[in-house]
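# Results of the structural survey
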Amino acid sequence: MKILQKYFSVEIGRSVVFVLIAFLALFAFFDMVGELKAVGHGGYKIQNAFLFVLMGMPAYIYELMPIAALIGTIWALSQFAARSEFTIMRASSMSTGMVGMILLKIGVVFAIITFVFGEFIVPVTSTMAERVKLSSLGGSLSQEFRSGLWTKDVIKANGQDGEAIGSRFLNVREVKPDGQLLNLKIYEFNRNFHLTALITAAKASYAGGNTWNLQDGTEADFGDVKLSGIVNASDITTAISTKKFANKLLVSEMTPEILSVGFSDPEEMSAYDLINYTQYLSENKRETARYEIAFWKKVVYPFAVFVMMALALPFAYLHFRSGGVSLKIFTGIMIGVSFQLINSLFSHLGLLNTWPPLITAILPSTLFLVAAIAALLWVERH
């Protein structure tokens, strides 16, 4: 059994790596062609384009690993069937359960690799890729929004602790790749949503500890006590106090990481970041469904490797004359593409129909697993 485990591992591992490299080369070529139109603008040179494409490869490894596991396993098992090795193995009392256990152990390695890339590598490289491109082009993260970035925060009595005493709406015209904020407007409201303060600042930098250092700004104070009972415009004007400041500290739940999430694809975020951002949105009474679905997809996706390898197992029972290896590989590619399309489709359907996030994430893999079991039962009977 150990010899078979090693033999299967080497052959399937070699095939999966080959398929993965082929896919990466193809996607890198198309990405590079797409980046050529930006080369020459600002400081964006050909080496920056190469670096941008290179940093995007971990995301492709994460997305393509289940498909590569499917096609690589189909290739290896088809070769076993073509050389009658699989027939000899079955004649030597190797059952379907034993083959499934061998593939399960191999799949654990691919699932761990998928998890590591999705949780630790992709979030870092994707952020670095965007910063490299924006820094070279001289752009900012929020330039695609006409009115800048809007976000909401809760005002608490003692900064980060204590009772919530109001809410804060922040408008940032530009977010630089280094996390610096330019041209801010901050609207502060009390519990009754009466405007209590309007703060503007030329720029802000993060000082750590949920503290922002606002620079070169003004603060207009609309205190509740001052405005109570005032009915005419002249009294309101008198009650408002305005002052300028060179530096002002602002304690907020918002951090550069939270702000950058507004420009990030949830699929490229780690599960840890998705949990934190979902909690932040929930505390501020904002919609969380999209990020909850992304979180559960992030949890479930590594297990798709096992589903894909289970789908590959029936191909080992098809004799070579039942279809050439090329036909089997083509079938595997179609299955992998279908899985990706259905996985993406269910994410949108779950968001539109308010399905439970866990069900939305797990349903595509469940459907393909049922198909794998049905296919395996069919080939065993025939």
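## Some thoughts on the packing of aromatic side chains
Scanning all chains against the criterion turns up 16 aromatic pairs. With centroids separated by 5.3 Å and ring planes inclined at 90°, the aromatic side chains of F339 and F368 adopt a geometry described as edge-to-face. Here F339, found in helix 12 (residues 325-352), pairs with F368, found in helix 13 (residues 357-381); they are 29 residues apart in sequence, far enough to count as distant. This pair shows no difference in class: F339 is buried, exactly as F368 is. Within the aromatic cluster, the residues linked to one another by ring pairs are Y7, F8 and F80. Sitting above the plane of the F52 ring, K133 keeps its charged end 4.9 Å from the centroid. The lysine or arginine in question, R290, covers the ring of Y291, its NZ or CZ lying 5.8 Å from the ring centre.

## A few points about the pattern of salt bridges
Across all of its chains, the model carries ten salt bridges by this definition. Between E253 and K156 there is a salt bridge, with the nearest N and O atoms lying 3.3 Å from each other. With a gap of 97 residues between them, E253 in the loop between strand 6 (241-251) and helix 8 (256-261) and K156 in strand 1 (residues 149-158) connect regions that are remote in the sequence. Take E253: its relative accessible area is 10%, and that puts it in the buried class. On the basis of relative accessible area, K156 is assigned to the partly exposed category, the value being 23%. Salt bridges linked by common partners bring D153, R168 and E188 together as one network.

Rules used throughout
Residues numbered from 1 in each chain as written. Predicted model: local features only at pLDDT ≥ 70, side-chain atom pairs only at ≥ 80, totals over all residues. Heavy atoms only, no water. Phe/Tyr/Trp six-rings, centres within 6.5 Å; stacked < 30°, edge-to-face > 60°. Helix = DSSP H or I, 4+ residues; strand = E, 2+ residues; numbered from the N terminus. Buried < 20%, exposed > 50% of the residue type's maximum accessible area, 1.4 Å probe, protein only. Lys NZ or Arg CZ within 6 Å of the ring centre and 35° of its normal. Salt bridge = Lys/Arg side-chain N within 4 Å of Asp/Glu carboxyl O.

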